[in-house]
Structure formats: structure tokens, C-alpha cells
Amino acid sequence: MLPKAKLWLGLIISAAIVWSTNLQAAWELNMPQGVTQISRDTYDLHMQILWWCVAIGVVVFGVMLVSIILHRKSRGAVSATFHESTKVEIIWTLIPFVILILMAIPATRVLTEAYDSSESDLDIMVVGYQWRWEYKYLREDEGEEEVSFFSALSTPREEINNALPKGENYLLEVDNPLVIPVNKKVRFLITSNDVIHSWWVPAFAVKKDAIPGFINEIWTNVEEPGIYRGQCTELCGLEHGFMPIVVHAVGQEEYDAWYADRQESARTTRAMADNVVTAEESMIAGEQVYLRNCSACHQPTGAGMPPVFPAIAGSAIATGPLRANIDLLLNGVTGTAMPAFSNQLNPIELAAVITYVRNAWGNNTGDLIQPAEVNQILQEGQ
Amino acid sequence: MSAAHDDHHHGPAKGLSRWLFTTNHKDIGTLYLWFSFSMFLLGGTFAMIIRAELFQPGLQFVEPNFFNQMTTMHGLIMVFGAVMPAFVGLANWMIPLMIGAPDMALPRMNNWSFWILPFAFAMLTSTLFMASGAPNFGWTFYAPLSTTHAPSSVTFFIFAVHMMGASSIMGAINIIATILNMRAPGMTLMKMPLFVWTWLITAYLLIAVMPVLAGVVTMMLFDIHFGTSFFNAAGGGDPVLFQHLFWFFGHPEVYIMILPAFGIVSAIIPTFARKRLFGYSSMVYATASIAFLSFIVWAHHMFTVGMPLAGELFFMYATMLIAVPTGVKVFNWVSTMFRGSMTFETPMLFAIAFVVLFTMGGFTGLMLAITPADFQYHDTYFVVAHFHYVLVPGAVFSIMAAAYYWLPKWTGNMYDEKLGKLHFWLSFIGVNILFFPQHFLGLAGMPRRIPDYALQFTDFNMISSIGGFLFGASQLILLFVVIKCIKGGKKATAEVWEGAQGLEWTVASPAPYHTFTTPPDPKLIHVQ
């Protein structure tokens, strides 16, 4: 090696050592052990196969290193003439085979366990949308008030665009976290409304694709209360990096209280759909709805990203007939990225956002849409 | 006949027409290699943009949509534009020389299969300048993101993939026809250099799976334009079918990108160890086994789609089995080095780095095969680290090793050894700083294909980016070394390397425009 290269190599290695000793505590190097039996079993499998690989690596690279050091021409090494040995070939075919069987046995056991989603205590439907998650708690009887809500990134855009300092849970925080009870077998039924997503919480070792047209099953049984964070792990378009998952695992009592509270607020929202809203209220609420649901594509300025994501500011639809605008929002546009929002937003939100886009950015139509009108159209549609 | 034939024994035509109309395997090999190198730099530029954006959390340089275009185009260009054409170029140059044939069996088709490529890639890269932007759905283009939700440029992408596929199939047919029909007398199958063997098997893989890729993109085309619903659940289709078809192509495809590398390394290590390759026949059988297994493991890319337990178990066991023949290969290379008389010129350095770093990629591959563990690794940076270890210090290092190894034969001049070694060490250090920390990122929970990330991933991303810039910049040294070597340098002998075996070292350096117009002396053909 060149003396200069040696110097550089030395510098890099010593820098690496200083770094690693100073910062190792802060750096996450390994898979989390997690808080479920399956996640710990998975971690054990991971470590077991890792150590097998390290052991094989040490032997193979060891022999190689010895050869590189000793059997070099510059040391006067003369090459041997052997070039085959059936016995050796059989041995090094069989040994890896045995190691593989030793690995396959525990892996099969853990996998079988992970696939057994029977006899769950609680079932939650998880639906992937571009780019948020919907959680629906499956009821025991139809008469109960249904708890279902969307869970979307709550990190402000300003943090992403570096206008504000980033918070501790940057990109891993949501407006409405999923809440589950600890020490209960919770089954997730996972599907998607548009493209393929994947629902992953590392601490549970739960990862399952959300695929339109399919309902996948997976389960967990969390042993420690806490807040657990994950992310969508299947490329799902523009905002794939911005659809985190946050799960609050809480005690049964806290869970029950939370659930009752959610049912109560669902009742309230339904009741409010008959209220009459003012233009000012609508514009404020509509902007919030718009920023949460529409601005990733159509931009906060309404300018869009033509031609893929058309502008709303000054568009023929947002300044044209009201009914066409409402229909487009409710039903989406087939063959484009524009989804149907009729099942994603409630009538209050739908009415507010229509009012907003028809009056913001110079779209001064003066229209004010009431939740009841939207409700009427939704009823007609059914 | 022989008189008429002799009339054609002139040198190459002058000017551009030499390259446009050439049917000479060496010219076409050169074209493939330059094309591949230019695509390597283009795909590398996209990678630099990705690493620049990921240097820090937050969005600094590009929008998420453009970021997705970059990851997609980087993957497509590296796989189809850089790695595959490089191996085809090496096959064109070296297979006729290695088996004592005057040229490829189908020279005109050879010209065509190359010249399709620049048009295919011009079309693909032109999508970057289209109003809708380039494809942004990842190089694996999973439906329905790539169909009902795709930018309109997807149609150009589909046509480009069709053209690349046609080119690959023609190239593969040509290689099979050449190897099976044009071997010099005495060059029996079991005397062929391993590079020829691995390419023969690779060519069969190409013919088997490229039509599947063509089929799957055609189904996409119909879903997008003609109202079918192959992959659209709303129309009764099945998005998972897409993945089965894609990976039935995709898994053999990854072996298409590594088997010829095995052949190259099996040529270089014996040369610089001055010792016969250990276990030649077991190398051949291992290559064939890997090729066979590659057809029955595709769904290990899809462990999280919700296959039944029996399916998961089958694909886990089959995938683990690949470790056995791959292990045999690694053990054979190490045994070849053991008790050899080694020197460490640049090709050998790259070959040794290949064995070590490819094996590390193999280890993580074995880890990924363990289905429950894969649930944690799947679609994270752990996977990114895994396949980049196999492809960059694996496939790409083998191509660089091959370039240094055969450059003197191609140009007649020795390359600059000092610069070659500098290129090696910078690449070796760069590639490890680039990809090793990505294992940690993946294990700690960073998904792949995201333009921005949570704060705990910052440090390793920074290190990875620094490694990326180092690795990227180092490749300009290779360009410089190659140009310098073409322009001049110490004259190379016919044998070039002291320990080199094989017919390619019996012809002059540079290899004359026409070689083996009469078959070589059978006495020159040895067991490898």
C-alpha cells in the first residue's frame, strides 16, 4: 500500500474509534427487542443467525487473511498444486446444510406463532390511504356507536421545510394515535383504499402490507404500557415518508375510558352535522381540513403541481358550478391520484373545505356550503 | 470461398460508421462497456442527489416527488443500463477469445441488440423532462402505484423496458449460440473458462425471465390504457399478482447480475494466486444449482404480503438453501488463494474485495431469508444495505476487476498501477462507509425510499452520505485511468499477467481486430 494511503487509512480508523466510543450510547445499532413475545423471539432469531454469520465469517475470512499474509509471492511463497478434493467439497456442503436446519427449526416455530391470529380480544381494522391511516374498532354489536378515525402526521410543514427547529418526535408523531389495551391479544385487519402501504411497528415486530382488495391479518399482545412509533414501509407515492404510525398501549381502565370518550365525541359530531355554520367559521375550519388532506398535492397556495396535481386556485371546477365541485370531492377522479373523500371526511369537514377552496386564493365565488347540504348529497348517493 | 473471405481481413472502418455498422465482437464489446460506464455515471449522479437530500433531516434540495423519481431512475439505470450491459460487453469481448471463436455466432443481431439500448435509455431518461415527471414508483414499480396512480410518463417507461428486454434476449441467444456452436476443437464444455460457463447459464436465465418482465409491463399497459384490470382490485384484479410476476422475473434477474461476476472472479483469483482454481467442476455445478434455485425463491421478496403459512415456509426453506452452493463458491475461492503465490495488482484487489464484501451481502441475505426476522428487515435500509453490498462491491467490483484485468489485452498498454490502486482503496473505503451504516439504520427502523427521516437516524445518514460522495468521486479516477491506458503506457505482452491461463492470453496485445480466424492449437487448451 502507498504510504499516503496508509496514513489516510490510519486517520479514518482512529476517527472511527473516537466516534464510536463517544457516541455509541446515542446510536442505535441493533434491532429493538420490543415489548411482545413475538418481538423478543424475532430478536433472538436475528441474533442467532447473526452470530452464525459472524462465526462463519471469522473462519472463512481468517483463512483468507492467513493466505494473504503468508502466501504471497513477495515472501517467496511457492504455489501448491492441489486443485480439488471431493471429501472437502462434501464436508463444506454438509456443514452449512446442518447449520441451516438448526436455524430453520426455531424460525418455523416463531413464524407459526406469529401466524396464529385466532381468539383475539379486540379487532381493529387498519386502512391505508394516501397518506394516512384509518383505524376502525370493530364492534361486538351494530347498535354501539362506532369508533373510527384517521391518524395523520402532525409534524408541522415548517419543521420539514427547515423553517422551524425539529421536535423530538419529528416525523413520528400523529394527530390521533391508535390506542390499544396492554396484555390483550389485539388483531389487526389490514387493507388499503388506494395503493399498497405497509403497517409497521418495530417494537411489536408487526409488519403487514395494506393491499387494496385484500384483508391481511396480524396480531400483537403488548406487555408494557407506552408510546410506540412506526412508519409506512411500502412506497405509496408522494408522501410515503410522511405517514407514521403511533400506538398508545394503555391499561384496560384507561383504554375503556378513552373508548367511551371517543364514542361520545362521535355522537357529538353526528349531532353537529345539522348545525348552521358561518362563512368565517367555515374558512377557518376549511383551511385546517385543506392543509391536512389536500395541500400535499394541491399545495398550501392552491397552485398544485401541474400537470399531475392540478391547481385549485382559479380552476374551472373551484370557480364553476357548485354541485360539480362537490361531486368531484366526494367521488374523486378515476385514473388519477384524486381519491374519493366521501368516506374520509365527515360532512362538517367536507362542507368546510368546499367553502374554503371556493373562496380562498382569489376564487371569490362567495359560496357558503352547509354540512346539511353535503349530508343530503351523501344520502342521495346511497 | 476462402479467397473471398480473405478480402474481409482488413481493419476496422473509419469514423462513426465503424461503430454504427460494426459486426465485430470486440467493437460491440467496447460499445457496451462505454455505454455501461456512461449509465453508471448517470445512475451514480442520481444516487448523489439521493445522498445529498438524505445528508440531513428535513427537505433541503429536492421535493419528495423528485426524490421518488431519483430512487426509481437510479435503480432502473443501474440495473438495466450499467450492470447488465457491462456483463454483456465483457461477454462480447471475451467469450470468443476464451473459446477460440472468430466472432459471435450472430454478428448482425449483435449490432442490433447493442444499438437498441441507447434509444431505450434515451427514452427512459427523457421522462425526466416531461411535464408529468419521470416514473416515481420505485424500480420494482408495484401496481397499482405504477398503473392507476402513475404519472403519464409510465407508458414511455413500459416501452423502454420492452426495448431493453428485446436487447437482452437477443444478446442471450447470441451468447448461447456462440458458446454451443463455435468452440474451438478441443474446447469441451468442461474445459471452458468459468466466465463462459457462468454466462451460458446466465443467458438461459435471461431467456427464461425477460419475457415474464415483458408480459408484466404489457399487462400494466393494458390496465393503464385499455381498461383491463389485471392489477386493479376494484375491477376484480389482483395487485399481488403483479408482485408474483415481477419477482418471478426479478429474482433470477439478481442472479443474472451476479453469476458472470462469479466467472470473472474465478478467472482473476487463480491468475494472481498462480494456482489452479480449486474445485472447477463443483463451481460449475454450484452455478447451475444457484440458477435452478433462483426460480423457486421469488416470493421471499414478498413475505409481508400475507401469503399462507405454508407458502412462507416453502420460500423460507428454499431461500436458505441458496446459501449452500454460494458457500461452496466462496470456499473454493479461498482454497484457491490458500497456499498460492499471491501478488496484489488492482484486479486481484478488486477480486478479493469482491469475495469478502459479496460474502457479507450473502450473510445479510441469509438473515433476510429467516421469515420472522424479515418482517423486521423488510423494506428498511437493512435491505438497501444488503442488496447494495451484493451489487456494488459485488457485481460492480467484479466488473472493475475485469476491466483492469483485460484492459492491457484490449488496449495493448498497461494501465497506471498506482492510480488503479488508488481507485481501489478509495472505492473500497468509500463503499463501506456508504453502505455499512445502512445496516444499522435499517435495524433501528428507517424505511427505504423516504426523502426525510426521524432525528435518531441523522448520524448514520450523514456518514453514509460522506461515504457516498467519496465513492462517487473515486469513479472519476477509473475514467481517467481507462483514457490514459487507451492513449498510451507501458506496452503489454501477449500474456500480460504472469499466472494467466486461457486462450485470450495467446493472442497479441492489443487483441488484433480479427482473432482465431483459424482454430487455435488444441494443445493450448487446458483444463481451467
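Note that the structure is predicted; figures quoted are calculated from it, not measured. (Residues numbered from 1 in each chain as written. Chains lettered and ligands numbered in written order. Predicted model: local features only at pLDDT ≥ 70, side-chain atom pairs only at ≥ 80, totals over all residues.)

**A short note on the overall build of chain B**
In terms of regular secondary structure, chain B is built from 17 helices and zero strands. On C-alpha atoms alone, chain B measures out to a radius of gyration of 23 Å, which is about the 24 Å that the 2.2 N^0.38 rule sets for 528 residues. In chain B, which comprises 528 residues, the share counted as buried stands at 62%. If you take every contact in chain B between residues at least 6 apart in sequence, the share linking residues at least 24 apart comes to 83%. (Helix = DSSP H or I, 4+ residues; strand = E, 2+ residues; numbered from the N terminus. Rg over C-alpha atoms; globule rule 2.2 N^0.38 Å. Buried ≥ 20, exposed ≤ 12 C-beta atoms within 10 Å, placed from the backbone. Contact = placed C-beta atoms within 7 Å.)

**Structural notes on the overall build of chain A**
When helices and strands are counted, chain A shows eleven helices and ten strands. Its C-alpha atoms give chain A a radius of gyration of 29 Å, more than 25% over the compact-globule value 21 Å for 382 residues. Along the three orthogonal principal directions, the C-alpha set of chain A runs to about 95 × 55 × 40 Å. For chain A, the proportion of its 382 residues judged to be buried stands at 33%.

**Things to note about the packing of helix α6 (residues 154-181) of chain B against helix α7 (residues 194-225) of chain B**
All names here are of chain B. Two elements in contact, α6 and α7, have axes whose closest approach is 8 Å; the angle formed by their N-to-C orientations is 155°. By the angle between their axes, α6 is roughly antiparallel relative to α7. Where α6 crosses over α7, the two elements pack in a sense that is left-handed. Of the residues in the contact of α6 with α7, the class split is 23 nonpolar, four polar and no charged. (Axes fitted to C-alpha atoms, helices over the stretch in contact; angles between N-to-C directions. Parallel < 35°, antiparallel > 145°, perpendicular 65-115°, else oblique. Left-handed = near helix turned anticlockwise from the far one by under 90°. Nonpolar A, V, L, I, M, F, W, Y, C, P; charged D, E, K, R; others polar.)

**A few points about the environment of His439(B)**
Residues and elements named next belong to chain B. Considering the arrangement of structural elements, one finds His 439 in helix α16 (residues 417-443). Sequence-wise, His 439 and Thr 380 are 59 residues apart; in three dimensions their C-alpha atoms are separated by 8.9 Å. In this structure His 439 touches Phe 382 and Ala 385, once residues within four positions along its chain are discounted.

**Some thoughts on the pairing of strand β5 (residues 186-192) of chain A**
Looking along a regular strand, one sees the side chains alternate between the two faces of the sheet. Residue and element names in this part refer to chain A. Residues Val 186, Phe 188, Ile 190 and Ser 192 point to one face of β5 and are all buried, whereas Arg 187, Leu 189 and Thr 191, pointing to the other face, are not buried. Bridge analysis of strand β1 (residues 122-129) against β5 gives seven bridges, and the strand direction is parallel. Bridging from a neighbouring strand, Gly 128 pairs with Ser 192 of β5. Pairing of β5 with strand β8 (residues 216-220) involves five bridges; the strand directions are antiparallel. Across the sheet, the residue bridging to Ile 190 is Asn 216, located in β8. (Pairing = 2+ DSSP bridges.)

**As for the nonpolar core**
Membership of the largest hydrophobic core comes to 272 residues, with the highest contact counts inside it found for Val83(B), Val265(B), Phe354(B) and Ala401(B). Not counting chain neighbours up to four residues away, the residues in contact with Ala401(B) comprise Ile264(B), Val265(B), Ile268(B), Pro347(B), Phe350(B), Ala351(B) and Phe354(B). (Core = buried A, V, L, I, M, F, W, Y, C linked by C-beta atoms within 7 Å.)

**Looking at the sheet that holds β5(A)**
Residue and element names in this part refer to chain A. Strand order in the open sheet formed by five strands is β3-β2-β1-β5-β8, with mixed pairing between adjacent strands. The open sheet is flanked by β3 (148-151) and β8, the only strands paired with a single partner. Direction aside, the axes of adjacent strands within the sheet are offset by 25° on average. Sheet topology places strand β2 (residues 132-137) next to β3; four bridges connect them, and they run antiparallel.

**A short note on the interface of chain B and chain A**
Counting from both sides, the interface comprises 82 residues of chain B and, opposite them, 82 residues of chain A. Counting residues per element, the side of chain B that touches chain A draws most heavily on helix α12 (residues 323-337) of chain B, at eight residues. Split into classes, the residues belonging to the side of chain B that touches chain A amount to 49 nonpolar, 22 polar and eleven charged.

**Thoughts on the domain arrangement of chain A**
The domain architecture assigned to chain A consists of domain 1 (31-58 + 88-116), domain 2 (122-265) and domain 3 (273-381). Each of domain 1 of chain A and domain 3 of chain A has a C-alpha centre, and the two are 53 Å apart. (Domains from an automatic or database assignment.)

**Side note on the sheet that holds strand β6 (residues 197-201) of chain A**
Residues and elements named next belong to chain A. Spatially, five strands are ordered β4-β10-β9-β6-β7 in an open sheet, and the strand pairing comes out mixed. Looking along the sheet, the strands with just one partner apiece sit at the ends: β4 (178-181) and β7 (206-210). Averaged over neighbouring strand pairs, the angle between their axes works out to 25° when direction is ignored. Sheet topology note: the β6/β7 ladder contains five bridges and is antiparallel. Looking across to β7, one finds that Val 201 is bridged to Val 206. Its contacts with the sheet place helix α5 (residues 252-272) against β4 and β10 (244-250), and it is angled at close to 135° to β4.

**Section: the environment of Val246(A)**
All names here are of chain A. Along the chain, Val 246 turns up in strand β10. Taking the C-alpha atoms as reference, Val 246 lies 9.5 Å from Ala 152; in sequence the two are 94 residues apart. Ignoring sequence-local partners within four residues, the contact set of Val 246 consists of Glu 173, Val 174, Pro 177, Leu 178, Ile 227 and Arg 229.

**Some details on the confidence of the model for chain B**
All names here are of chain B. Per-residue confidence for chain B gives a mean pLDDT of 94, with 98% of residues at or over 70. Note that residues 1-7 has pLDDT below 50 and, in this model, zero contacts with residues that lie over four places away or in other chains. ipTM for the predicted complex: 0.91, alongside a pTM of 0.91. (pLDDT = per-residue confidence, 0-100.)

**Considering unusual backbone geometry**
Look at the link from Gln130(A) to Trp131(A): it is a cis peptide, with omega at 5°. Residue Pro510(B) follows Ser509(B) across a cis peptide bond; omega there is -5°. Looking at where Pro510(B) falls in the secondary structure, it is placed in the segment after α17 (458-487). Of note in this structure, Arg274(B) is not a glycine but carries a positive phi near 50°. Along the chain, the position of Arg274(B) falls in the loop between α9 (259-273) and α10 (280-293).

**Some words on the packing of helix α6 (residues 279-293) of chain A against helix α10 (residues 347-357) of chain A**
All names here are of chain A. Running from N to C, α6 and α10 point in directions that differ by 100°, and their axes come no closer than 7 Å. Considered as vectors, α6 and α10 are oriented roughly perpendicular to each other. Where α6 approaches α10, its residues Ser 282, Met 283, Ala 285, Gly 286, Glu 287, Val 289 and Tyr 290 are matched on the opposing element by Glu 349, Ala 351, Ala 352, Val 353, Thr 355, Tyr 356 and Val 357.

**Quick look at the environment of Phe338(B)**
Its place among the elements puts Phe338(B) in the loop between α12 and α13 (346-369). Classification of Phe338(B) as buried rests on a count of 20 C-beta atoms within 10 Å. Taking the C-alpha atoms as reference points, Phe338(B) and Lys275(B), separated by 63 residues in sequence, lie 9.2 Å from one another. Not counting residues up to four positions away in its chain, the partners in contact with Phe338(B) are Val63(A), Ser67(A) and His71(A).

**Details of the pairing of β6(A)**
Residue and element names in this part refer to chain A. Counting buried residues along β6, five of its five residues qualify, which places the element largely inside the surrounding structure. Burial along β6 is two-sided: the residues His 197, Trp 199 and Val 201 and Ser 198 and Trp 200 are all buried. In textbook terms, the turn of a hairpin is the stretch between consecutive antiparallel strands, and for β6 and β7 this stretch comprises four residues, one of which, Ala 205, has a positive phi near 55°. In terms of strand pairing, β6 meets strand β9 (residues 226-232) through two bridges, oriented antiparallel. For Trp 199, the partnering residue across the bridge sits in β9 and is Cys 232.

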